[in-house]
Each structure stands twice: as structure tokens, then as C-alpha cells.
Amino acid sequence: MEMVLLTALGVGGATLIGAVIGFLFKNISHRFSDIVLSFAAGVMLAAAVLGLILPSLEYGGKFGIIITIAGIFAGALCLNLIDKLVPHLHKMAGTDIEAHNNPGLSKVLLFVTAIAIHNLPEGIAAGVGFGADDPSQALLIAGGIALQNIPEGMVIIGPMLASGVSPKRTFLLAALTGVVEVIGTLIGFFAVSFSQAILPFALAFAGGTMLYVISDEMIPETHAHGSERGATYALLVGFCVMLVSDVLLGG
């Protein structure tokens, strides 16, 4: 349990590290934002496949492929439903924050909601990994999420400040991002701790939510400003960094 708590704090704290960097370099260009977010997407993609989806197949036994596919789609559909039903703000790297669904609500409230939509599943993924028998895989997932939280924390600062959010409140929102991931990590851990029977489905579900975020939000955003080539290679670099980490941990 101590390792889970430390991991949860590490995953959440990585966002704060990125936020501090974001305050130091407020005027981050679109190109740089696209590169670092694409790197984060590659890390996330590898963590989803190597740390969640493949172990789901392994733990699923005879019906592993069915359970894994069902879990992936369940995770994606769950986030899709939340995305449609819950009013929120999308964080647009390098631009003003864009309102969706209900512009009458407070920007701060809507932005916090967006943080929950995006980061709660990432925290759950980190926690679910500890339900497996292999701590190295759990640390791989958590490490990957923490690694991609740093650039994400960097690029959310500028848009919030540009939208008129005060520096103090901006830092508070960044801190809430970390808190959401800590809560998600604990939810994921306790969910699989209560019943190992749901582990294969929970792993695939968490992987599906991460794949959804990558495809629906991260890749379109990083390919929208003319930096597609650099963003693509950054994604590959992020994926390979996690691949090397997986090999080293496995060894």
C-alpha cells in the first residue's frame, strides 16, 4: 500500500513539476507544444498497450481476447459518453481556452471538469496496474503517466493565463490536476483489490480510456498547427522511450 501511495503522489506531483516549468516559460509556441504533447501521447500509447492491454490478454485466460476487446470499447465509450454529457472546457495549447456545451458556467468550474475527464482515467490506469502480480508493470504504467504529465502540466499554464485566470488560481488548477490523478490511482487500486476477477477487464478498460484520449484529443490537437511531421516523430520517440523502459524493467 505504501508503494501505491508513493506512486499516486508521484503521478500527481509530475503535473505540478510541469506547471512550474510552464510558469517559467509562459509563451510556449504551438510547435513546441505540439512536440511535447506528441511525445506524451507516445508515452501514453506505449503504457496503454504494454502495461494494460497486453497484461489484460494474459490475465484473461481462455476468454482473454473477448474480455480485452470488451474492456477497451467499454473504456472508450465511457469517456465518449462523459465527453458528450458533461459541460467542460478543452485545453487548447497556445490559445485561449475554448468553451463547450454551456458557456454560462464558470470557466474555472468547466476547466476543472475537463481535468477530471482527462486525468481521472489516467490515475485509474496507474492504480489498476498494481492489481497485477508484476510490480514492474505497475511502475511502468505509473512512470509513463508521470512522464507524460510533465509536458501536459507545462502547456496548460499559458492558455489559462491568456484567458484571464489569475496566476494563483492557475497554480491551484494545476494542483487540482494532480489531486484528480491521485484520487484516480487510489480508485483503480482499490477496485482491483476487492476483486481480482475484474482485473483483466479493468486493465483493458483503463487501456481503452487512454487510447480514446490519445486519438480523440491529443493527436488531433498536435496535428492542427502545421507541425504534423515533428509531432509524429515525437510520438514515436515517446513510444520507444517506454519500449526501452519496458525491456529494462523486464530484464
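Above this text sits the structure in question.
Structural notes, computed from the coordinates. (Residues numbered from 1 in each chain as written. Predicted model: local features only at pLDDT ≥ 70, side-chain atom pairs only at ≥ 80, totals over all residues. Heavy atoms only, no water.)

1. Some details on the side chain of Thr-222
So, point 1. Here Thr-222 lies in helix H7 (residues 199-222).
So, point 2. A residue is classified by how much of its surface remains accessible, and Thr-222, at 1% relative accessible area, is buried.
So, point 3. Of note is the side chain of Thr-222, whose polar atom sits 3.1 Å from the backbone oxygen of Ile-219. (Helix = DSSP H or I, 4+ residues; strand = E, 2+ residues; numbered from the N terminus. Buried < 20%, exposed > 50% of the residue type's maximum accessible area, 1.4 Å probe, protein only. Polar contact = N/O pair within 3.5 Å; in protein donor to acceptor, adjacent residues only side chain to side chain.)

2. Remarks on the packing of helix H2 (residues 30-59) against H7
So, point 1. The contact between H2 and H7 brings their axes to 8 Å, and the two run at 160 degrees. Judged on the interaxial angle alone, H7 and H2 are roughly antiparallel. In the packing of H2 onto H7, the handedness of the crossing is left-handed. (Axes fitted to C-alpha atoms, helices over the stretch in contact; angles between N-to-C directions. Parallel < 35°, antiparallel > 145°, perpendicular 65-115°, else oblique. Left-handed = near helix turned anticlockwise from the far one by under 90°.)

3. Points about a nonpolar patch on the surface
So, point 1. A cluster of nonpolar side chains, namely Leu-54, Leu-57, Phe-63, Ile-65, Ile-66, Ile-69, Phe-73 and Leu-77, defines an oily patch on the protein surface of about 800 Å² accessible area.
So, point 2. Contributing elements (two or more residues each) for the nonpolar patch: H2 and helix H3 (64-85).
So, point 3. By residue number, the principal contributor to the nonpolar patch is H3, which donates 5 residues.
So, point 4. Counting through the fold element by element, Phe-73 comes out in helix H3. (Patch = residues over 30% accessible without salt bridge, like charges linked within 9 Å, V, L, I, M, F, W, Y side chains within 5 Å. Areas by Shrake-Rupley, 256 points an atom, 1.4 Å probe, with all protein chains shown as cover. Salt bridge = Lys/Arg side-chain N within 4 Å of Asp/Glu carboxyl O.)

4. A word on the environment of Phe-189
So, point 1. The topology assignment puts Phe-189 in helix H6 (residues 167-194).
So, point 2. It is 10.0 Å that separates the C-alpha atoms of Phe-189 and Leu-5, two residues lying 184 residues apart in sequence.
So, point 3. With near-sequence residues (within four places) excluded, Phe-189 lies in contact with Met-1, Val-4, Gly-127, Val-128 and Phe-130. (Contact = heavy atoms within 4.5 Å.)

5. Focus: the packing of helix H5 (residues 135-162) against H6
The angle between the axes and the distance between the axes are what describe a pair of packed helices.
So, point 1. It is the contact of H5 with H6, at a shortest axis distance of 10 Å, that shows an interaxial angle of 155 degrees. Here H6 runs roughly antiparallel to H5, going by the angle between their axes. You can see that H5 and H6 cross each other, and the crossing is right-handed. Contacts between H5 and H6 involve Ile-145, Asn-149, Ile-156, Ile-157, Met-160 and Leu-161 from the first element and Pro-167, Thr-170, Leu-173, Ala-174, Thr-177 and Glu-181 from the second.
So, point 2. Residue composition of the contact of H5 with H6, grouped by class: 8 nonpolar, 3 polar and 1 charged. (Nonpolar A, V, L, I, M, F, W, Y, C, P; charged D, E, K, R; others polar.)

6. Some points on the packing of aromatic side chains
So, point 1. Taken as a whole, this structure holds 3 aromatic pairs when the rule is applied.
So, point 2. Taking 6.4 Å as the distance between ring centres and 45 degrees as the angle between the ring planes, the aromatic pair formed by Phe-23 and Phe-171 counts as tilted. In this pair, Phe-23 sits in helix H1 (residues 2-24) while Phe-171 sits in helix H6, placing the two residues 148 residues apart along the sequence.
So, point 3. Phe-23 sits in the partly exposed class, given a relative accessible area of 22%.
So, point 4. Ring centres of Phe-201 and Phe-205 lie 6.2 Å apart, and the angle between their planes is 35 degrees; this geometry places the pair in the tilted category. (Phe/Tyr/Trp six-rings, centres within 6.5 Å; stacked < 30°, edge-to-face > 60°.)

7. Description of H3
So, point 1. The first and last C-alpha atoms of H3 sit 31 Å apart over 22 residues, in line with the 32 Å expected at 1.5 Å per residue.
So, point 2. What H3 keeps buried is the set Gly-64, Thr-68, Gly-71, Gly-75, Ala-76, Leu-79 and Asp-83. Angularly, the buried residues of H3 cover 120 degrees about the axis, an arc narrow enough to put them on a single face. Those residues of H3 that are exposed and aimed more than 90 degrees away from the buried face are Ile-66, Phe-73, Leu-77, Leu-81, Lys-84 and Leu-85. (Expected span 1.5 Å × (residues − 1). Arc of directions from axis to C-beta.)

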